[in-house]
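# Inside the fold
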Amino acid sequence: QVQLVESGGGLVQPGGSLRLSCAFSGSSFSFYRMGWYRQAPEKQRDLVGIMLNGASTNYADSVKGRFTISRDNAKKMVYLQMNSLKPEDTAVYYCNARRVLFVSGNENDYWGQGTQVTVSS
């Protein structure tokens with residue numbers, strides 16, 4: 001029912017910026033809590049940030065002040081603006097959608113395929 005496709009990853013130098021995009025395919029985009037996660041090599045998948053429908057966004061301490069999540073309900077897109085990138089930000093970044101309004105059925109959590117972000121000089 002819902003598909004997520006991330007894009008915008010690539011190679012960037014330390015201190016640089018990158019904006020990731022997540023395209024939401026399906027209905028009722030506004031019913032979903034959108035978030036970004038990342039998984040570094042040989043590491044677990046960690047939270048980057050979660051944007052609630054109430055516009056309250058929770059960020060991991062490691063990215064707070066540098067990363068910003070936004071969403072465009074009309075375009076059914078969610079973005080992750082990454083500034084002041086550090087080598088430790090290198091990871092595969094995943095978009096996540098979790099339905100939180102008018103929940104029914106069992107298919108309420110979705111993940112994109114991931115997009116690689118490499119921060120290196």
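The structure reproduced in this document is the subject of the present report. (Residues numbered from 1 in each chain as written. Predicted model: local features only at pLDDT ≥ 70, side-chain atom pairs only at ≥ 80, totals over all residues. Heavy atoms only, no water.)

### Examining the pattern of salt bridges
What counts here: One side-chain nitrogen of Lys or Arg within 4 Å of one carboxyl oxygen of Asp or Glu is enough to make a salt bridge. Secondary structure elements are defined from DSSP: runs of H or I of at least 4 residues count as helices, runs of E of at least 2 residues count as strands, and each element is numbered from the N terminus. Accessible area is worked out with a 1.4 Å probe on protein chains only. A residue is then buried under 20% of its type maximum, exposed over 50%, and partly exposed in between.
Counted according to the given criterion, the structure contains three salt bridges. Ionic pairing is found between Asp109 and Arg98, a salt bridge with its closest N-O pair at 2.7 Å. Highlighted residues: Asp109 in strand β10 (residues 109-111) and Arg98 in strand β9 (residues 91-99), separated in sequence by 11 residues. The exposure class assigned to Arg98 is partly exposed, which follows from its relative accessible area of 36%. What emerges from the salt-bridge pattern is a single network uniting Arg38, Arg66 and Asp89.

### Here we look at the packing of aromatic side chains
Counted only if it meets this: When the centres of two rings from Phe, Tyr and Trp lie within 6.5 Å, Trp using its six-membered ring, the rings pair. Their planes under 30 degrees apart give stacked, over 60 give edge-to-face, and anything left gives tilted. In our convention, an over-ring charge means Lys NZ or Arg CZ found within 6 Å of a ring centre and within 35 degrees of that ring's normal.
One pass over the full model with this rule turns up five aromatic pairs. Pairwise contacts between aromatic rings join Phe24, Phe29, Tyr32 and Tyr110 into one cluster. For Arg71, the ring lying beneath its charged end belongs to Phe29, and the centroid distance is 4.2 Å.

### Regarding the nonpolar core
This is how the line gets drawn: As used here, the term nonpolar core means buried Ala, Val, Leu, Ile, Met, Phe, Trp, Tyr and Cys residues forming a set that is joined through side-chain atoms within 4.5 Å. Note on definitions: a residue-residue contact is assigned when non-hydrogen atoms from the two residues lie within 4.5 Å.
One finds Leu4, Met34, Trp36, Leu80, Met82 and Tyr93 to be the most contacted residues of the largest nonpolar core, which totals 29 residues. For this core, the secondary structure elements donating two or more residues are β3 (18-25), β4 (32-39), β5 (45-51), β7 (67-72), β8 (77-82), β9 and β11 (115-119). Setting aside residues no more than four positions away along its own chain, Tyr93 makes contact with Glu6, Leu20, Trp36, Tyr37, Arg38, Val48, Phe67, Leu80, Met82, Gly114, Thr115 and Val117.

### As for the sheet that holds β8
Here is the rule: Two strands pair under a simple rule: DSSP has to find at least two bridges between them. For helices, the axis comes from a line fit to the C-alpha atoms of the stretch in contact; other axes are also lines fit to C-alpha atoms, and the angle between any two N-to-C directions lies between 0 and 180 degrees.
Taking strand neighbours across the sheet as the criterion, the four strands line up as β1-β3-β8-β7 in an open arrangement whose pairing is antiparallel. Bordering the open sheet on either side are β1 (3-7) and β7, each of which pairs with just one other strand. Strand-to-strand twist of the sheet, defined as the mean angle between neighbouring strand axes without regard to direction, takes the value 15 degrees.

### Quick look at the environment of Asp72
The cut-off we apply is this: Polar contacts here mean pairs of N or O atoms no more than 3.5 Å apart (in protein, one a potential hydrogen donor and the other a potential acceptor; neighbouring residues in sequence count only if both atoms are side-chain atoms).
Here Asp72 is to be found in strand β7. Assessed through its relative accessible area of 25%, Asp72 is described here as partly exposed. For Asp72 and Ser30, which are 42 residues apart along the polypeptide, the C-alpha to C-alpha distance reads 9.3 Å. Side-chain polar atoms of Asp72 contact the backbone nitrogen of Ala74, separated by 3.0 Å.

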